[in-house]
Structures are given as C-alpha cells and as structure tokens.
Amino acid sequence: MTTTTQKLSFEAYLAYSDGTDTRYELVDGELVPMSLGTGKHGNIIRFLVRQFEDEIAQLGQAWVALPSLVGVRSPRGRRWDTSRIPDVTVLLLAQWEAMENREAVIDFNEPPPLLVVEVVSPSTKTDDYRSKRSEYGVLEIPEYWIVDAIAEKISLCILDHEFYDVTEFQGEDVIQSPTFPDLTLTAAQVLAAKL
C-alpha cells in the first residue's frame, strides 16, 4: 500500500519525513511503508546479522553486516525512482562509515553491497522473488538470499552477468555462500532462528 498520490524524486524521498518512525521504501516514485514483520522475521534477521558478523571476524575482512539500516537505490522504472531497504546488508566498512553524515543509501555511483538478504513475508513475497531479484541483479549485487520461512527454503542467488543463478536449500542442506565460504549454517538453522 502506498501513502502518497504525488510521485517523489529520489532527492525528495531522502528528505521526506512524516513526523513518525515509519520507514519507507520508494517504489516508482511512491512511498511504501515497511511493516515490522513478525517476531520470527526479526529473529531470522538478527540471527543472520550475528552469523555474518562472526564470519566477517573470522575472515578478517573490513566489512559490516547491518539489519535494515541501509537503502539501495534501484534502477527500476524509467521515470520515477526506487530505493529498497534490504532486511540484511553486508557491505564494506569504509562504505558504511562514509554514510555517517548523510542518508544511508547506496547510490548508483557507489559500489554495490557484497550481499543482501530479504526475509519473505506474505506482503513482500512477489517483490522479494521477482522485482528485487531483478533490481539487485542489475545493480550487480554479487549475492542475494531470499529466506522464505513460509515455504521453508532459502534461495541463494549468485550473480552471473546481471542475472542470478539460483540454488535452493531446505532442511539440513548446508548453505553454500561464495561471500562466506566457511559458513556451516543449514537452511533449518536459519529458518528456526531463535534469540
């Protein structure tokens, strides 16, 4: 559901405030409020951020894993702007630090995140599997996870020439992440995430 009838530019979106704590994605120039999601949705996000942070430390990389804190400007549409806020974003630490005094949105002229995750909810399923998959591919985000607790699977999308090759993991399948090659998580562990 959108909240404005007037289309917004990307710049107007960055400056927009309705005086509440509601967070919005911009889709074809329209504000789309982001729901909080269920506790399970939040548990999966938090679990993955912790797992990724542990792996980042093990790899000794200057990266950071962040929960729903970074926007990614999307090339969707020709006339109106789109900006997504992935559930989890892994990016260079220096890139995150460069956003300290500006809106935390990765623009077209900046390197893409290393990895993004979307946790499927009934209201976002089509966008997560179709729109965002296409948009993230064009942005050349190397790795995109679609965590679907409803269908009990994780779709791991690996970029190949602006399109994603997809491998699905279920149950005790160990997720094979190119970004985190030593990760030993199973699909079941991610889908059953608890605090």
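See the structure shown above.
Given the structure is predicted, the values throughout are model-derived calculations rather than measurements.

S.K.: In this structure, what is going on with the overall build of the protein chain? I would like to understand it.
M.R.: Tallying secondary structure elements over the protein chain gives five helices and eleven strands in all. Compactness check: the protein chain gives a C-alpha radius of gyration of 16 Å against a globular reference of 16 Å for 195 residues, within 12% of the reference. Here the protein chain, with 195 residues, has 45% of them falling under the buried criterion. Residue pairs in contact within the protein chain that sit at least 24 positions apart in sequence constitute 56% of those at least 6 positions apart.

S.K.: So what exactly am I meant to see when it comes to the sheet that holds strand β9 (residues 143-148) here?
M.R.: Strands in a sheet are paired, the pairing made by backbone hydrogen bonds, and the direction either parallel or antiparallel. Reading across from one edge, β3-β6-β8-β9-β10-β11 is the order of the six strands in this open sheet, with mixed pairing throughout. The outermost strands of the open sheet, each flanked by one partner alone, are β3 (63-67) and β11 (163-169). The sheet shows a mean angle of 20° between the axes of neighbouring strands, taken without regard to direction. Against the sheet, helix α2 (residues 39-59) engages β3, β6 (88-92), β8 (115-119) and β9, with an angle of about 175° to β3. Against the sheet, helix α4 (residues 125-138) contacts β8, β9, β10 (153-160) and β11, and its axis sits at roughly 180° relative to β9.

S.K.: I tried to follow the side chain of His41 on my own but got confused; where do I start?
M.R.: Structurally, the position occupied by His41 is in helix α2. With relative accessibility at 11%, the residue His41 sits in the buried group. His41 has contacts with Leu36, Asp87, Val119 and Val120, leaving out every residue within four places of it along the chain.

S.K.: I'm lost on the pattern of salt bridges in this one. Help?
M.R.: Side-chain pairs of opposite charge can arise where the charged atoms are in close proximity. Taken as a whole, this structure holds eleven salt bridges when the rule is applied. A salt bridge links Arg102 to Glu110; the nearest nitrogen and oxygen atoms lie 2.5 Å apart.

S.K.: It is not clear to me how the packing of aromatic side chains should be interpreted in this structure. Could you clarify?
M.R.: To describe a pair of aromatic rings, one takes the distance between the centres and the angle between the planes. Counted under the stated rule, the structure contains seven aromatic pairs. With a centroid separation of 5.3 Å and an interplanar angle of 90°, the aromatic rings of Phe52 and Trp145 are classed as edge-to-face. One end of the pair, Phe52, is in helix α2; the other, Trp145, is in strand β9, and 93 residues separate them in sequence. Trp145 carries the same exposure label as Phe52, and that label is buried. Relative to Tyr144, the ring of Tyr136 lies with its centre 5.0 Å away and its plane at 90°, an arrangement referred to as edge-to-face. For the pair Tyr136 and Tyr144, a shared accessibility class is recorded, and that class is buried. Put simply, the rings of Phe52, Trp63, Trp145 and Phe180 pair up and form one aromatic cluster. One cation-aromatic arrangement involves Arg73 over Phe10; the distance from NZ or CZ to the ring centre is 4.0 Å.

S.K.: What am I meant to see in the pairing of strand β4 (residues 71-74) here?
M.R.: Side chains on a regular strand alternate between the two faces of the sheet. Going residue by residue along β4, you find Gly71 and Arg73 tucked away on one face and Val72 and Ser74 tucked away on the opposite face as well. Across two bridges, the pairing between β4 and strand β7 (residues 105-106) is parallel. Bridging from a neighbouring strand, Val72 pairs with Ile106 of β7. In the sheet, β4 pairs with strand β5 (residues 82-84) via three bridges, with the strands oriented antiparallel. By the bridge assignment, Arg73 is partnered in β5 with Ser83.

About the cut-offs
- Residues numbered from 1 in each chain as written.
- Predicted model: local features only at pLDDT ≥ 70, side-chain atom pairs only at ≥ 80, totals over all residues.
- Heavy atoms only, no water.
- Helix = DSSP H or I, 4+ residues; strand = E, 2+ residues; numbered from the N terminus.
- Rg over C-alpha atoms; globule rule 2.2 N^0.38 Å.
- Buried < 20%, exposed > 50% of the residue type's maximum accessible area, 1.4 Å probe, protein only.
- Contact = heavy atoms within 4.5 Å.
- Pairing = 2+ DSSP bridges.
- Axes fitted to C-alpha atoms, helices over the stretch in contact; angles between N-to-C directions.
- Salt bridge = Lys/Arg side-chain N within 4 Å of Asp/Glu carboxyl O.
- Phe/Tyr/Trp six-rings, centres within 6.5 Å; stacked < 30°, edge-to-face > 60°.
- Lys NZ or Arg CZ within 6 Å of the ring centre and 35° of its normal.

Read these as geometric descriptors, not functional statements.
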